[in-house]
Amino acid sequence: IILNQEFYDAWKEAGSVEPVTSSTRREHGGRVIGITLKFPKIDSRGKKIKDSKGRQGYLNFFLMSVYMPSLEKKLEEGEVQPHGDFIRNELNPILRDAHRDAEIIMGGDIN
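Residues numbered from 1 in each chain as written. Predicted model: local features only at pLDDT ≥ 70, side-chain atom pairs only at ≥ 80, totals over all residues. Heavy atoms only, no water.

Undergrad: What am I meant to see in the nonpolar core here?
TA: For soluble globular proteins, nonpolar side chains are generally found buried alongside one another. In this structure, Val32, Phe62, Met64, Val66, Met68, Phe86, Leu91, Ile94, Ala98 and Ala102 together form the largest nonpolar core, which totals 10 residues. The set of elements that each furnish at least two residues to this core consists of strand S3 (58-68) and helix H3 (84-97). The biggest single contributor to this core is S3, with 4 residues. Core analysis: the next-biggest nonpolar cluster, separate from the first, contains 6 residues, Ala10, Trp11, Phe39 and Leu63 among them. (Core = buried A, V, L, I, M, F, W, Y, C linked by side-chain atoms within 4.5 Å. Buried < 20%, exposed > 50% of the residue type's maximum accessible area, 1.4 Å probe, protein only. Helix = DSSP H or I, 4+ residues; strand = E, 2+ residues; numbered from the N terminus.)

Undergrad: For this particular structure, what's the right way to read the pattern of salt bridges?
TA: Side chains bearing opposite charge may pair, as long as their charged atoms lie close to each other. One pass over the full model with this rule turns up 2 salt bridges. A salt bridge links arginine 45 to aspartate 43; its shortest N-O distance comes to 3.8 Å. Arginine 55 is the partner of aspartate 51 in a salt bridge, and the nearest nitrogen-oxygen pair spans 3.1 Å. In this structure arginine 55 comes out as partly exposed when scored by relative accessible area, which is 49%. (Salt bridge = Lys/Arg side-chain N within 4 Å of Asp/Glu carboxyl O.)

Below, the structure written as structure tokens:
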């Protein structure tokens, strides 16, 4: 994931946590990556929005990129849910590990 300066700063604000990736040892490994971003809340005039305790409020995002492979062979074999293993083994663990207060933004190449 390539970050512009604003997103880089949001990544640093979130603690510069290493990106979360799917295992490269599985059949379709290495095809999911995600990072946590933390943006300060601001109103439409650029004023910072505070939380209920008077501290700076933040918006947390988990930004993901997913490449879900074409599984033509499994489709030819009549499998009803050919992406089931990929979702169960690669995608679900990463979604489970996303920051619990983060909004998930997922972009993907899904065949």
